[in-house]
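Here's the letter readout for the chains.
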Amino acid sequence: ADYTEGIGWHDHRIVPYEPITLDPSAIIFHYGQTVFEGLKAYRAKDGAIRLFRPEENFRRMNESCDRLCMPQIDEEDALEALKTLIKVDKDWVPEAEGTSLYIRPYMIATEPHLGVAPSLTYKFIVILSPVGMYYKEGIAPVKILVENEYVRAVAGGTGAAKTAGNYAASLKAQAVAEKMGYSQVLWLDGVEKKYVEEVGSMNVFFKIDGEVITPALNGSILGGITRKSIIEMLKAWGVPVTERRISMEEVKTAQQEGRLEEAFGTGTAAVISPIGEFSWKGEAFTINGGQAGELSTKLYEELTGLQSGEKEDPFGWVTEIREE
Ligand code: PMP
């Protein structure tokens, strides 16, 4: 769909995947005025297509739009449009276990304008792509490099929005980490580089002395939908879970004292990804002997089970798409 200031959203359409034409002066190319989302559709055994909390993605998209000075979308219309689009491409939702249809809604500023100002025109686009498991390792633990030079976001910046610039800011550190044999970077806070923020495309959780701790949303961390779901799930299970600031020093001390039981990342792509090793300031340490922990494994099984339809959905998180 297209947006024009004064008119609103218009020209909603479904077209074959193809290149789009933009003016070389379009604001998106110069000032990065853009937001995106990522969610997945799974195929249940009975053929139904299942979306995991899609309304949360459109709600978050509108929050990102607000931060980037972009127009709001109608969240209900967007969900209906998404269902229609998936029905058109329903054969794209893979049936094999662990695979899914990745859905990427995004908005870009299209007005040709070389001055720094919010665009008067936008495009809202949704692309679909079948995907396999995110990490080659599957549920196998990942190795994470704690980034000590660069920062991804600072409070008051755009860290809490899902916008391109945050990811551009992360590329260099990610490339270094990969060269060193780590699969992702753990970002620290942008002021003191002391407190844990998040991993490249995941929020992060620690289990210390039986308590699950995740950094509180502070304006520079993306409020992950998987994060929110895991917190709700743990609360429902009666597992103590706390959202607060946690320093890397605290994590390391807990590890040295044998109190760090598990660490894991959460995100749409990886679902739950156990963390087997951190490297921080040139020193590496393992968690749970580098093995996937009991809680991480249980959360992974529950969440993927619920998303794929193998398990009950006591939370009412799944939106089903069925043939009429
Ligand atoms: N943090 C960042 C920076 C991300 O890109 C993502 C992936 N969207 C997440 C956390 C996890 O969010 P979600 O659970 O909504 O996928």
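Residues numbered from 1 in each chain as written. Predicted model: local features only at pLDDT ≥ 70, side-chain atom pairs only at ≥ 80, totals over all residues.

An unreviewed UniProt entry lists the protein under the name Branched-chain-amino-acid aminotransferase, with Bhargavaea changchunensis as the source organism. For the record of the protein, the UniProt heading Sequence similarities (unreviewed entry) holds the text "Belongs to the class-IV pyridoxal-phosphate-dependent aminotransferase family." (UniProt positions renumbered as here; feature names shortened; annotations may be inferred.)

A. Here's a closer look at the site of the ligand. Inspection of the region around the ligand gives 13 residues, with Gly-224, Ile-225, Thr-226, Gly-267 and Thr-268 positioned closest. Element by element, the count of residues in the shell around the ligand is highest for helix 6 (residues 225-237), at three residues. Residues of the shell around the ligand, tallied by class, amount to three nonpolar, eight polar and two charged. (Near = placed C-beta within 6 Å. Helix = DSSP H or I, 4+ residues; strand = E, 2+ residues; numbered from the N terminus. Nonpolar A, V, L, I, M, F, W, Y, C, P; charged D, E, K, R; others polar.)

B. Highlighting the packing of helix 2 (residues 54-67) against helix 3 (residues 75-88). Where helix 2 meets helix 3, the closest approach of the two axes is 9 Å, and the angle between their N-to-C directions is 130°. When the axes of helix 2 and helix 3 are compared, the pair comes out oblique. Seen along the crossing, helix 2 lies across helix 3 with a hand that is right-handed. Contacts between helix 2 and helix 3 involve Pro-54, Glu-55, Phe-58, Arg-59 and Asn-62 on the former and, on the latter, Glu-75, Ala-78, Leu-79 and Leu-82. For the contact of helix 2 with helix 3, a count of residues per class yields five nonpolar, one polar and three charged. (Axes fitted to C-alpha atoms, helices over the stretch in contact; angles between N-to-C directions. Parallel < 35°, antiparallel > 145°, perpendicular 65-115°, else oblique. Left-handed = near helix turned anticlockwise from the far one by under 90°. Contact = placed C-beta atoms within 7 Å.)

C. Spatial organisation of unusual backbone geometry. Located in the positive-phi region is Asp-209, a residue other than glycine, with phi close to 50°. In this structure, Asp-209 sits in the loop between strand 11 (203-208) and strand 12 (211-214). One non-glycine residue, Asn-288, lies in the positive phi region at around 50°. Here Asn-288 lies in the loop between strand 16 (283-286) and helix 8 (294-308).

D. Focus on the nonpolar core. Judged by nonpolar contacts, the single largest core of 74 residues is most densely connected at Ala-41, Ile-144, Leu-186, Phe-206 and Ala-263. Both domain 1 (2-131) and domain 2 (142-308) contribute no fewer than three residues apiece to this core. Among all residues touching Ile-144, those that are not within four sequence positions of it are Tyr-182, Gln-184, Leu-186, Val-199, Ile-275, Glu-277 and Phe-278. (Core = buried A, V, L, I, M, F, W, Y, C linked by C-beta atoms within 7 Å. Buried ≥ 20, exposed ≤ 12 C-beta atoms within 10 Å, placed from the backbone. Domains from an automatic or database assignment.)

E. Fine view of the domain arrangement of the protein. Taken as a whole, the protein is organised into domain 1 (2-131) and domain 2 (142-308). Put simply, the middle of domain 1 and the middle of domain 2, counted by C-alpha atoms, are 27 Å apart. Listed per partner, the contact involves 20 residues of domain 1 and 13 residues of domain 2. Looking at the side of domain 1 that touches domain 2, the elements with two or more residues in it are strand 3 (34-36), strand 4 (39-43), strand 5 (49-52) and helix 2. The element that contributes the greatest number of residues to the side of domain 1 that touches domain 2 is helix 2, accounting for six residues. Class assignment for the residues of the side of domain 1 that touches domain 2 results in seven nonpolar, five polar and eight charged.

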